[in-house]
Amino acid sequence: MSFTDLTILFGEVNDLNAGIEKYVPNIFFMAYGVSLFIFYRYRIESAQGGNFVDLLWKIFVTGLLTTVVSLVLKSMDYLMGNTSLMENSIMIDFLFHVHLGLLVAFLISTYVVWKRLILYQKSKLLLGIWTIFEYLLFGSLVGMFFPTNITGYLIYPLVIIAIFLSANMKWVAYLNFKQKWKSILLLVLTLLYLVYFYINLSEMRGAYEYLTVALDSVFISALFIFTSIYAAFSLLVILFNLPTSSVFEQKLEEVVNFQRLSQSIQTEQSATQVYEILLESSVRAGKADAAWIEAIVDGKEIIFRHSIEKETIFNIKNFIKSQKENNLFDFDNVDKGVRPGKHLKKLKGNVFNSIVALPIEISGERVGMIVLLQELKEGFNKEAVDITKTFVNQAGISIEGFKMMSEAIENERYKEELHIAKKVQSKLLPAILDANDDFEIAAFSEAADEVGGDYYDSFKINEDKIALIIGDVSGKGTSAAFHMSQMKGIFHGLAQLDLPPEDFLIKANRAINTSLDKTSFVTISYFIIDRTKKKVSFARAGHCPTLYFTKGENQAAYFTNKGLGLGIVRDDSYAKYVQSRDFHYQSGDILVLYTDGITEASNFKAEEFGYDRLANIINENAGLDATDLQKKIISDLYEFCGQSELDDDYTTVIVKFK
Amino acid sequence: MVQIDTIKENDITTLSINGEVDASSSIQLDESLGAVVSNGDQKILVGCEGLNYISSAGLGVFMSYIEDINAKNLKMALYGLNDKVMNVFEILGLDQLLTIVKTKEEALSRVNEV
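Residues numbered from 1 in each chain as written. Chains lettered and ligands numbered in written order. Predicted model: local features only at pLDDT ≥ 70, side-chain atom pairs only at ≥ 80, totals over all residues. Heavy atoms only, no water.

Things to note about the overall build of chain B
Applied cut-off: Under the scheme used here, helices are H or I runs from DSSP no shorter than 4 residues and strands are E runs no shorter than 2 residues, and both carry numbers assigned from the N terminus. Residues are treated as being in contact if the distance between any of their heavy atoms lies within 4.5 Å. Here the Shrake-Rupley method, with its probe set to 1.4 Å, supplies the accessible areas, and only the displayed protein chains count as covering residues.
Looking only at helices and strands, chain B has four helices and five strands in total. Its helices and strands in sequence order give chain B the pattern β-β-α-β-α-β-α-β-α, from N to C terminus. In chain B, 68% of the contacts between residues at least 6 apart in sequence involve partners at least 24 apart. With the model as given, the accessible surface of chain B reaches about 5400 Å², and the carbon-plus-sulfur share is 46%.

Re the environment of A:Ser458
Residue and element names in this part refer to chain A. Within the secondary structure layout, Ser458 lies in strand S6 (residues 454-460). Note: C-alpha distance between Ser458 and Phe527 (69 residues apart in sequence) is 9.3 Å. Excluding residues within four positions of it along the chain, Ser458 makes contact with Leu433, Asp434, Ala467, Leu468, Phe491 and His492.

Notes on the pairing of strand S3 (residues 354-362) of chain A
All names here are of chain A. Convention followed: Exposed residues in this analysis have more than 50% of their type's maximum accessible area, buried residues have under 20%, and partly exposed residues fall in between, with area computed by a 1.4 Å probe over protein chains only. Paired strands, in this sense, are two strands between which DSSP finds at least two bridges.
Buried residues dominate S3, accounting for eight of its nine residues. Pairing analysis gives nine bridges linking S3 to strand S4 (residues 365-374), with the strands arranged antiparallel. When the bridges of S4 are listed, Glu361 appears paired with Arg366. In this antiparallel pair of consecutive strands, S3 and S4, the connection spans two residues, and Ser363 shows a positive phi of 40 degrees.

Observations concerning the sheet that holds S3(A)
Residue and element names in this part refer to chain A. This is how the line gets drawn: Every axis corresponds to a line fitted to the C-alpha atoms, with the helix fit spanning only the stretch in contact, and the corresponding angles, defined between N-to-C directions, vary from 0 to 180 degrees.
The four strands are arranged S2-S1-S4-S3 in an open sheet whose pairing can be described as antiparallel. Each edge of the open sheet carries a strand with a single partner, namely strand S2 (300-306) and S3. Mean inter-strand twist for the sheet, computed between neighbouring axes without regard to direction, equals 15 degrees. Against the sheet, helix H12 (residues 271-285) contacts strand S1 (290-297), S2, S3 and S4, and its axis sits at roughly 160 degrees relative to S1.

Considerations on the environment of A:Ile432
All names here are of chain A. Its location among the elements puts Ile432 in the loop between helix H14 (382-428) and strand S5 (439-446). Relative accessible area serves as the criterion here: at 73%, Ile432 is assigned to the exposed category. For Ile432 and Ala443, which are 11 residues apart along the polypeptide, the C-alpha to C-alpha distance reads 8.9 Å.

Details of the side chain of A:Ser354
To be explicit about the condition: Polar contact is defined as a pair of N or O atoms within 3.5 Å, subject to the rule that within protein one atom must be able to donate a hydrogen and the other to accept it, and that residues adjacent in sequence are counted only when both atoms are side-chain atoms.
Here A:Ser354 is to be found in strand S3. A distance of 2.6 Å separates a polar atom in the side chain of A:Ser354 from the backbone oxygen of A:Leu376.

Regarding the interface of chain B and chain A
The line we're drawing: One speaks of a salt bridge when a side-chain nitrogen belonging to Lys or Arg is within 4 Å of a carboxyl oxygen belonging to Asp or Glu. In this count, Pro and Cys sit with the nonpolar residues alongside Ala, Val, Leu, Ile, Met, Phe, Trp and Tyr, while Asp, Glu, Lys and Arg are called charged and the others, Gly among them, polar.
The partner chain A presents 25 residues to the 18 residues of chain B that form the contact. Linking chain B to chain A there are two salt bridges. As a salt-bridge pair, A:Glu608 and B:Lys84 come within 3.8 Å of each other at their nearest N and O atoms. Here chain B is connected to chain A by five residue pairs in polar contact (both at pLDDT 80 or more). Of all the secondary structure elements, the ones that give two or more residues to the side of chain B that touches chain A are helix H2 (56-72) and helix H3 (83-92) of chain B. Counting residues per element, the side of chain B that touches chain A draws most heavily on H2(B), which supplies seven residues. The residue makeup of the side of chain B that touches chain A, split by class, is nine nonpolar, six polar and three charged.

Some points on the pairing of strand S4 (residues 75-79) of chain B
Residues and elements named next belong to chain B. Heads up, the rule is: Throughout, right-handed denotes a crossover for which the path from the first strand over the helix to the second runs clockwise when the strands point away from the viewer.
Of all five residues in S4, four are buried, a share of seventy percent or more. In this structure, strand S3 (residues 43-54) lies alongside S4, joined through five bridges in parallel fashion. Considered in S4, the bridge of Leu45 is made with Ala77. Once you follow S3 into H2 and on to S4, the crossover reads as right-handed. Direction of pairing for S4 relative to strand S5 (residues 99-101): parallel, over a ladder of three bridges. Residue pairing across strands places Tyr79 opposite Val101, the latter belonging to S5. One crossover worth recording links S4 to the parallel S5 by way of H3, and it is right-handed.

Here we look at the sheet that holds strand S8 (residues 522-530) of chain A
Residue and element names in this part refer to chain A. Here we have five strands laid out as an open sheet, ordered S6-S7-S8-S9-S12, and antiparallel in their pairing. Here the strands that pair on one side only, and so sit at the sheet edges, are S6 and strand S12 (580-584). Each adjacent strand pair in this sheet contributes to an overall mean axis angle of 15 degrees, direction not counted. With nine bridges connecting them, strand S7 (residues 465-473) and S8 associate as antiparallel partners. For Lys465, the partnering residue across the bridge sits in S8 and is Asp530. Running at roughly 15 degrees to S6, helix H15 (residues 477-495) makes contact with S6, S7 and S8 of the sheet.

A short note on the confidence of the model for chain B
Defined as follows: What pLDDT expresses is the predictor's confidence in each residue, scored from 0 to 100.
Across chain B, pLDDT averages 91, with 100% of residues at or above 70. Interface confidence in the predicted complex, given as ipTM, is 0.92; pTM for the same model is 0.57.

Things to note about the nonpolar core
Test applied: Put simply, a nonpolar core is a bunch of buried Ala, Val, Leu, Ile, Met, Phe, Trp, Tyr and Cys residues held in one set by side-chain atoms that sit within 4.5 Å of each other.
Within the largest apolar cluster, 89 residues are counted, with the highest numbers of intra-cluster contacts made by A:Met487, A:Tyr526, B:Phe62, B:Leu78, B:Phe89 and B:Leu94. A:Met487 has contacts with A:Tyr455, A:Ile469, A:Ala508, A:Ile512, A:Val522, A:Ile524 and A:Leu566, leaving out every residue within four places of it along the chain. In this structure, A:Tyr32, A:Val104, A:Val112 and A:Val172 belong to the second largest nonpolar core, which totals 70 residues.

Here we look at a nonpolar patch on the surface
All names here are of chain A. Put simply, the rule reads: What goes into a patch is any residue over 30% in relative accessible area without a salt bridge, connected to like charges within 9 Å or, for nonpolar side chains (Val, Leu, Ile, Met, Phe, Trp, Tyr), within 5 Å.
Judged by side-chain polarity, Leu64, Val68, Val72 and Met76 come together as a nonpolar surface patch covering roughly 320 Å² of accessible area. Secondary-structure assignment places Leu64 in helix H3 (residues 52-79). Judged by relative accessible area, Leu64 falls into the partly exposed class, the value being 40%.

Side note on the environment of A:Gly563
Positionally, A:Gly563 belongs in the loop between strand S11 (555-558) and S12. As for A:Gly563 and A:Ala539, which are separated by 24 residues in sequence, their C-alpha atoms are 7.5 Å apart. Those residues in contact with A:Gly563 that sit more than four places away from it in its chain are A:Arg540, A:Gly542, A:Tyr577, A:Val578, B:Ile91, B:Leu92, B:Gly93 and B:Gln96.

Now the structure itself:
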């Protein structure tokens, strides 16, 4: 060991120089003290964590080594007691200093450990006092260069501070029962070493009067007093703490269990696991002999048991229910609180004499209860019930947090799905509509929800004919969106057959019938624009009447041909409810298609946008091209509605003939 | 918000609808109408004098009972619709499938037709 080497080195050097210069040994002594201090500081402070017994063990080992070396030297002294070598005063001086060196090594190692223990839970004040103590101690070491009567006064503040510091024993509270016993043993041995060194060195000095160096120094005295006081205090404190240590251990366990319950939120444990932790923690905290939890997990009632059979639970519950008139604990009304079941002993074959039940609540709603049982009479004190209550509350919070988190994740997922649906649906509406030299076309569509039920599309039947459709699925949102995409399929399938509009509706009705539920329907208007004949033929299946502006008359009007929505009549009789119509177009005429979201849009006065407003926009802006006209309609619509939100899907398609 | 009252006088059942039938209140209309139809009441009058608005969901309710009414050979007539509500029925084409008249007397005579 390096410190023993150092001791010997010091001894030798000290010896060689003895009597030459008075201050030289002091310098060596100081260098020795400082280097030891640095060495132990490094060694002990690098030790991991807060294992106090390990720290005490380090002192014990150092103490053992130093005492053994010291004893070996003493026995040599004894054996060679009569030889002339031992008569030599230089030899005696040397041996004395070796003993002293060993003591200093032991004291400094102990000092460093004590520092660690005292500053385990530090405050500013404590740290300040400790710094003063260390400076004074260093001062006393430096003071060896001066006459002792000046530095001698340092001993008083040092001792006072040492006593004050010795009151810091917080580490003791963290020892468990076993560790306390170990610590007591180690501290007793530490004190024994100190006593041994004290007696040994006093003896030597007593025998050889001229040994004056160092032992009287304030440094060693202060260090000796400090280490002794702290060791003695610690020993006493641990001794007095022994009987209560089980309580502290339990409190610590409760804190740990509490933490486990709270952390179960972050670790995404399921409700079942939270209940298991709750049961286990409550049994330990309440010192229960048996317990069970009844709770509803994912809609099913689950019973968690601890040291109790299902049958026993059943018997106890039945017994308590049958005793209701005796004002016993009411299982159906746990919310009222806790009542120890004094009469439980009446139940045959029952070993339990105390019972406590607490409701488990999640966001104020009762989801179950925990029941603790004990064989002793009045076995649950207020403490036990309170801590169990705390556990139950924490478990409730954990489960609630868990639930909320899964709901949030679920919601997020739905949002994401809807977002995808919106993206898919936006692809179902054409970005560019078919047109030819005879007309220009513009369209606009907006859904109230992420996805909607409005539909428009075009199809080039051949070089001269273009089919155009506008539609509205009853209802809104996802189901409407599904039917809308179905309608697109039907349109693209049937349009290429170049059917007359009436036949198109009849076939479309048959196609979509099967997939619509009883209360759903689809309204459409179907147009075929034929540029060779400059003719539009169209039919209406329950859709809003088409608005048509005739340049010649400079007037817009709604077509009034009969029609019936798709899916309303599901047999062949549908044909008699629809009729085709056609008209010839001229340059400047405007065909306005729209859904009822536009005409039925209302403002804050509950007025509807209506047919007249729509027609007037066209009349007043007939000179605009299709795109501008579409923009005008939408901006007028927004202006009319003001701040009130549009609660329907709305779509418009404008065809302007050239 | 909608208020639907069912009154039975002799062999005639009258449903009077007051308020607005939108997506949520259409459920109430469905329940009332469903009860009358499944009850097998032969003559049904639907009073729409107090009906201010009907959405496509409300139209869907009427539409869904057309088949049942025809199959059971029940007589149903709607009366007292204001212009706006009437227009909604007409656009969809339901006026072709349902008996819709102006007054209660007309409605009575229609359901009493043999």
